[in-house]
There are 2 protein chains.
Amino acid sequence: MGRPSKALLDLDRITSTALELVDEHGDFSIPQIAKRLGVQTASVYHHVEGRAGIIELLRARLTADIDPAGLELRPWDRAMEAWALSYRAAFAAHPRAVPLLMMAQVAAPEALAHYERAVELLLAVGFPEPVVMPLITALDNLVLGSAIDLAAPESMWAPAPDGSTPLLARALDAVPDGRRADAGFAFALEGFLAHARRTLAEAG
Amino acid sequence: MGRPSKALLDLDRITSTALELVDEHGDFSIPQIAKRLGVQTASVYHHVEGRAGIIELLRARLTADIDPAGLELRPWDRAMEAWALSYRAAFAAHPRAVPLLMMAQVAAPEALAHYERAVELLLAVGFPEPVVMPLITALDNLVLGSAIDLAAPESMWAPAPDGSTPLLARALDAVPDGRRADAGFAFALEGFLAHARRTLAEAG
DNA sequence: ACCTGAACACCGTTCAAGT
DNA sequence: ACCTGAACACCGTTCAAGT
């Protein structure tokens, strides 16, 4: 066949197909992508830096939905809260992609820009420099930990069927189905923000 | 050859070899395990439920190091803190195994027993039932998020080499090398515990 | 530049055949 | 019960050959 007059593939369609496969099956493969796009496996390699490259495309696609306006809100704690919520929501839209992104090393300058902005905000508000990275790291951990939780099957938290965990079973029943993950994140986020406010007050 | 008079393989050696490979390369394969143990790939399947089974063995090996005595400490917040620290330390010993465990569904009754104990503790101390799972979820997210951070290369946090993130670069320099992850976890944990204490006081 | 077809090394898993 | 050898379907990746 040789080169077609109009390209059969492009990054956008490759990314979308990969994301479809991940949403459906929790994983993707390059042959599967090629098959869905009616093309040979090798063709995909003309557009993308292998499997790792496709994972970076998925990361870019997901993180594009993080709202940069969140970090511009005032006061600073509202900004941090909005950022964390938007960050988490972006992952929540495609929970099964999360483990894939975790496995691979980050190579996205866009992500670093977010962090630079966050550092600037916290310094401007008066946080001592040595506190800034631990604080951002803590928030990041919280969001990522919660994202993993979204990806995990709810049944991971199912009480043992043999009835050996009765209290866990009751505690799970006490929180509306599907709300546990959100409520857990909300609790952790509130705790984080309150602690950050306290830290700033003591430093200021 | 047929069956040897003494078994060449056992679960312990399979688990240890898998863990070695993960520590060295961030992943394992069954052929690699077989090769290190001087045995055919197919032999491994006589001992283990495939790759997923080996991942569960890794999970059991790591979580065996979580100290159950932590949850027996008093007061309750010291118990939760000790549990979280021990839980995280178990993962920190083999950070590259963390993403592997995240990918797979948990099938370990031992883990559930920990959670049952935690629920019991929080209820006994007076937390309202609907708060218990969000609280435990929050702590779990925190530990897992931090564990992922340990697995990630420190270079993930390296500032852009083009100097586009000067504040991030300075903030990173302000925290001792290799201490960022620990300090972030400590911050989040303190925030969580303080918020939990406040929640209990308001409920009680 | 972009697609095909064929190739390579690797993987997970199964199974009949041996002791 | 436990190991071997061979097989199967799948994977990621490369490359010469075509237009």
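What comes next is a walk through the structure. (Residues numbered from 1 in each chain as written. Chains lettered and ligands numbered in written order. Predicted model: local features only at pLDDT ≥ 70, side-chain atom pairs only at ≥ 80, totals over all residues. Heavy atoms only, no water.)

A word on the interface of chain B and chain A. Contacts between the two partners involve 59 residues from chain B, matched on the other side by 59 residues from chain A. Here chain B packs against chain A, burying approximately 5000 Å² in sum over the two surfaces, 75% of which is carbon and sulfur. On the chain B side of the contact with chain A, B:E116, B:M133 and B:F187 bury the most area, a combined 14% of that side's loss. Connecting chain B to chain A are 2 salt bridges. At the level of elements, α6 (98–103), α7 (109–125), α8 (129–151), α9 (166–173) and α10 (180–203) of chain B are the ones that each hand at least two residues to the side of chain B that touches chain A. (Contact = heavy atoms within 4.5 Å. Buried area = accessible area lost by both parts, 1.4 Å probe. Salt bridge = Lys/Arg side-chain N within 4 Å of Asp/Glu carboxyl O. Helix = DSSP H or I, 4+ residues; strand = E, 2+ residues; numbered from the N terminus.)

Glancing now at the relation of the copies chain B and chain A. Once turned by 180 degrees and shifted 0.0 Å along the axis, chain B lies on chain A with an RMSD of 0.1 Å. Within this description, the copies of the chain are treated as partners about a two-fold rotation axis. No C-alpha of chain B approaches the rotation axis more nearly than that of B:G145, which lies at 1.9 Å. Taken as a fraction of all interface residues of chain B, those also at the interface in chain A reach 100%, which identifies the copy contact as same-surface. (Least-squares fit on C-alpha atoms with pLDDT ≥ 70 in both.)

Quick look at the protein's contact with DNA strand C now. Taken together, 25 residues lie around DNA strand C, and A:L8, A:S43, A:H47, B:R3 and B:P31 are the ones closest in. Counting only the atoms of DNA strand C within 4 Å of the protein, the fraction contributed by sugar and phosphate is 62%. The separation between a phosphate oxygen of DNA strand C and a polar main-chain atom of A:L9 is 3.0 Å. A distance of 2.9 Å is found between a base nitrogen of DNA strand C and a side-chain nitrogen or oxygen belonging to A:H46. In the surface near DNA strand C, the residues fall into 12 nonpolar, 10 polar and 3 charged. (Near = heavy atom within 4 Å. Polar contact = N/O pair within 3.5 Å; in protein donor to acceptor, adjacent residues only side chain to side chain. Nonpolar A, V, L, I, M, F, W, Y, C, P; charged D, E, K, R; others polar.)

Let's shift gears to the pattern of salt bridges. Residue and element names in this part refer to chain A. Taken as a whole and assessed by the stated rule, the structure comprises 23 salt bridges over all chains. Note that R117 is salt-bridged to E120, the shortest N-O span being 3.1 Å. Taken as a pair, R117 and E120 lie in helix α7 (residues 109–125) at a separation of 3 residues, close to a single helical turn. Owing to a relative accessible area of 24%, R117 belongs among the partly exposed residues under this scheme. (Buried < 20%, exposed > 50% of the residue type's maximum accessible area, 1.4 Å probe, protein only.)

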